Amino acid sequence: MTAPQDFNDRMLSLGLARVSEAAAHASARLIGRGDEKAADQAAVNAMRDQLNMLDIKGVVVIGEGERDEAPMLFIGEEVGTGDGPDVDIALDPLEGTTLTAKDMPNALTVIAMAPRGTLLHAPDVYMDKLAVGPGYPVDVVGLDMAPAERVRALAAARGCKPSDITVCILERPRHEDLIAEVRQTGAAIRLITDGDVAGVIHCAEAALTGIDMYMGSGGAPEGVLAASALKCMGGQMWGRLLFRNEDEKGRARKAGITDLDRIYARDDLVTDDVIFAATGVTDGSIVAGVKREPGYLTTETILMRSKTGSVRRMTYRNPVR
């Protein structure tokens, strides 16, 4: 019986970048074609093929859905060669299927990897999310605060007026009251149509994006991916699962969650070192989209390691035959 291998994040990080790049290349062929399912499937196929080349014993803990819903990259699927460290994998092969189909900004391929048992097995339900970038006191804001109170608290910590704060919110009918309350403080709102992983990441680069805080409900699996990025870049995040019916509560219990009202901090969602990679499919504020030129495809990938806090941006020019 061989001893378990250590999680060598430095050696695994470049392989993870190749996984996200392959998914971006595959889905790029369907940008603007109006077929969300085909774009997502192309990314899934490419990501799975690349994952199975890595020397890992990987288990997908955040994936395309339950096994009976997703034929590949389903939750619980084992990936990798079977040689190497035991790892958890969280992924969204195409974050922004609608963005890709409509050729709109900020479609990404996203993947995170951490030692086995350290990523929250978040069920496919909604999560109430709140995030800010680095440099603030611990728990400067919280999910138990009203939205307006969060804006005022962050402004006080920054030493500015609430009107100087910009909040990123997913544009959905369920957020109408949230949007109205935030606007009453005088704060600005950046509404996004899709892609709340990117929305949370924006908080970590406020000087570039102009976004100070993210709030609102979105998919719980995307919350784990966003927390993985923030653990690398710095910043705080909180999430609380939201349930619409007993079936969704059952999904949470099946995933091993017993406290259905728990508020998870960033380091509860990701409890150990993590590596994170995202590659642009369409142009966005985090990374550039796939560029075509005769004989080549060029991608930009952001690759991050929480152990070192390193954030690397890589341009990959790949010959197309």
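Residues numbered from 1 in each chain as written. Predicted model: local features only at pLDDT ≥ 70, side-chain atom pairs only at ≥ 80, totals over all residues. Heavy atoms only, no water.

Focus on the nonpolar core
One finds L119, Y214, M237, L269 and F276 to be the most contacted residues of the largest nonpolar core, which totals 49 residues. Counting only domains with at least three residues in this core, you end up with domain 1 (9–117 + 274–319) and domain 2 (126–269). The contact partners of L269, leaving out residues within four places of it in the chain, are T118, L119, L120, M127, G223, V224, A227, M237 and Y264. If you look at the next biggest cluster of nonpolar residues, it comprises 40 residues, including L12, A24, I89 and L99. (Core = buried A, V, L, I, M, F, W, Y, C linked by side-chain atoms within 4.5 Å. Buried < 20%, exposed > 50% of the residue type's maximum accessible area, 1.4 Å probe, protein only. Domains from an automatic or database assignment. Contact = heavy atoms within 4.5 Å.)

Quick notes on helix α4 (residues 147–158)
The periodicity of an α-helix, 3.6 residues per turn, causes residues three or four places apart in sequence to face the same way. Along its 12 residues, α4 runs 17 Å from first to last C-alpha, staying within 8% of the 16 Å computed at 1.5 Å per residue. For α4, the complete set of buried residues consists of P147, A148, R150, V151, A153, L154 and A155. Phi turns positive, to about 75 degrees, at G159, one or two residues after α4. (Helix = DSSP H or I, 4+ residues; strand = E, 2+ residues; numbered from the N terminus. Expected span 1.5 Å × (residues − 1).)

Here's the deal with the sheet that holds strand β9 (residues 236–242)
Sheet architecture is open: six strands sit in the order β7-β6-β8-β5-β9-β10, paired in mixed fashion. The open sheet is flanked by β7 (188–192) and β10 (263–265), the only strands paired with a single partner. Along the sheet, successive strands turn relative to each other by an average axial angle of 20 degrees, direction set aside. Sheet analysis places strand β5 (residues 126–132) next to strand β8 (residues 213–219), joined by seven bridges and oriented antiparallel. Among the inter-strand pairings, K129 is bridged to a residue of β8, identified as G216. In the packing of helix α5 (residues 176–184) onto the sheet, contacts are made with β6 (166–170), β7 and β8, and the angle to β7 comes to roughly 155 degrees. (Pairing = 2+ DSSP bridges. Axes fitted to C-alpha atoms, helices over the stretch in contact; angles between N-to-C directions.)

As for the packing of aromatic side chains
For the structure on display, the rule yields zero aromatic pairs. Seen from the ring of Y296, R317 lies directly overhead, with NZ or CZ sitting 3.6 Å from the centre. (Phe/Tyr/Trp six-rings, centres within 6.5 Å; stacked < 30°, edge-to-face > 60°. Lys NZ or Arg CZ within 6 Å of the ring centre and 35° of its normal.)

Digging into the pattern of salt bridges
Under the counting rule described, the total for this entry stands at 18 salt bridges. With a closest N to O distance of 3.5 Å, R317 and E293 form a salt bridge. Linking R317 in strand β14 (residues 310–319) with E293 in strand β12 (residues 291–293), this pair joins segments that are 24 residues apart in sequence. Classification of R317 by relative accessible area gives partly exposed; the value is 46%. (Salt bridge = Lys/Arg side-chain N within 4 Å of Asp/Glu carboxyl O.)

Digging into the UniProt feature "binding site: substrate" (unreviewed entry) in the protein
Feature annotation in UniProt places "binding site: substrate" (unreviewed entry) on E95, G96, T97, Y126, R172, P173, R174, D194, G195, D196 and G219, given in this structure's numbering. Within the secondary structure, R172 sits in the loop between β6 and α5. We classify R172 as partly exposed; its relative accessible area is 26%. Leave out the neighbours within four places in its chain, and R172 touches T193 and D194. (UniProt positions renumbered as here; feature names shortened; annotations may be inferred.)

Structural notes on the packing of helix α6 (residues 196–204) against helix α8 (residues 220–233)
Running from amino to carboxyl end, α6 crosses α8 at an angle of 20 degrees, the nearest separation of the two axes being 9 Å. Relative to α8, the element α6 is oriented roughly parallel. The crossing of α6 and α8 is right-handed. When α6 is examined against α8, the residues D196, V197, V200, I201 and A204 are found in contact with a partner set consisting of E222, L225, A226, A229, L230 and M233. Here the residues of the contact of α6 with α8 sort into nine nonpolar, no polar and two charged. (Parallel < 35°, antiparallel > 145°, perpendicular 65-115°, else oblique. Left-handed = near helix turned anticlockwise from the far one by under 90°. Nonpolar A, V, L, I, M, F, W, Y, C, P; charged D, E, K, R; others polar.)

Some thoughts on the state of the cysteines
Here the structure, examined in full by the defined rule, presents zero disulfides. With no disulfide of its own, C160 lies closest to C203 among cysteine sulfurs, the gap being 14 Å. Looking at the unpaired C232, the closest cysteine sulfur is the one in C203, lying at 15 Å. (Disulfide = S-S within 2.5 Å.)

Here we look at the side chain of S217
Considering the arrangement of structural elements, one finds S217 in strand β8. Here the side chain of S217 touches R174 through a polar contact of 2.7 Å, side chain to side chain. When sequence neighbours within four positions are dropped, the list of residues in contact with S217 reads M127, D128, L170, R174, H175 and L242. (Polar contact = N/O pair within 3.5 Å; in protein donor to acceptor, adjacent residues only side chain to side chain.)

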